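# Per-entry structural report
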Amino acid sequence: MSSLEILQRMREILEEPQRWCKLARHSDHDRHCIVGAYEIAVFGKEPSRTEVLSSNTYQATTELLFGPNGPDAANWNDNWARTHEDVIAQLDKRIKELS
């Protein structure tokens, strides 16, 4: 799966505001933070602890969304002022850059 395809899938996963959350990779009612959406896009499910550790999903999500010197994706997602609209806008920006 290409970076562009992963970003597009992440956007699909988080498209509706009720599918996004903070402070947890995955939450009740099929809600996910930006890192959780990456995991679902890549693994097709909530990954096991071994899969998370072996693939370094936090770093991979950060680099995909912001590049190697960008802010930590989990902290960015969980920022108290962050909104669902911000998350979708960042995904759209990166999708456009890679298209």
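Residues numbered from 1 in each chain as written. Predicted model: local features only at pLDDT ≥ 70, side-chain atom pairs only at ≥ 80, totals over all residues. Heavy atoms only, no water.

## Brief notes about the overall build of the chain
- When you go through the chain residue by residue, the secondary structure sums to 6 helices and 2 strands.
- Compactness check: the chain gives a C-alpha radius of gyration of 12 Å against a globular reference of 13 Å for 99 residues, within 12% of the reference.
- Expressed as lengths along the three principal axes of its C-alpha atoms, the size of the chain is roughly 30 × 25 × 25 Å.
- Sequence-distant contacts, at least 24 apart, represent 55% of the contacts inside the chain between residues at least 6 apart.
- Working note: accessible area of the chain is about 5700 Å², and carbon and sulfur atoms make up 48% of it.
- One way to put it: in the chain the 12 positive side-chain charges average out to a point 2 Å from where the 16 negative ones average out. (Helix = DSSP H or I, 4+ residues; strand = E, 2+ residues; numbered from the N terminus. Rg over C-alpha atoms; globule rule 2.2 N^0.38 Å. Contact = heavy atoms within 4.5 Å. Areas by Shrake-Rupley, 256 points an atom, 1.4 Å probe, with all protein chains shown as cover. Lys, Arg positive; Asp, Glu negative; His and termini not counted. Charge placed at Lys NZ, Arg CZ, Asp CG, Glu CD.)

## Quick look at the environment of Cys 33
- By the secondary structure assignment, Cys 33 is in the loop between strand S2 (31-32) and helix H2 (34-43).
- Along the primary structure Cys 33 and Lys 22 are separated by 11 residues, whereas in three dimensions their C-alpha atoms are 5.6 Å apart.
- In contact with Cys 33, other than residues within four places in its own chain, are Leu 14, Trp 20, Cys 21, Ala 24, Arg 25 and Asn 77.

## Quick word on the packing of helix H1 (residues 3-14) against H2
- Where H1 meets H2, the closest approach of the two axes is 8 Å, and the angle between their N-to-C directions is 120 degrees. Between H1 and H2, the crossing angle belongs to the class labelled oblique. Here the hand of the crossing between H1 and H2 comes out right-handed. Counted together, Ile 6, Arg 9, Met 10, Ile 13 and Leu 14 of H1 and Ile 34, Ala 37, Tyr 38, Ile 40, Ala 41 and Val 42 of H2 form the full contact between these two elements.
- Within the contact of H1 with H2, the residues separate by chemical class into 10 nonpolar, no polar and 1 charged. (Axes fitted to C-alpha atoms, helices over the stretch in contact; angles between N-to-C directions. Parallel < 35°, antiparallel > 145°, perpendicular 65-115°, else oblique. Left-handed = near helix turned anticlockwise from the far one by under 90°. Nonpolar A, V, L, I, M, F, W, Y, C, P; charged D, E, K, R; others polar.)

Scope: geometric values only; no functional claims are made or implied.
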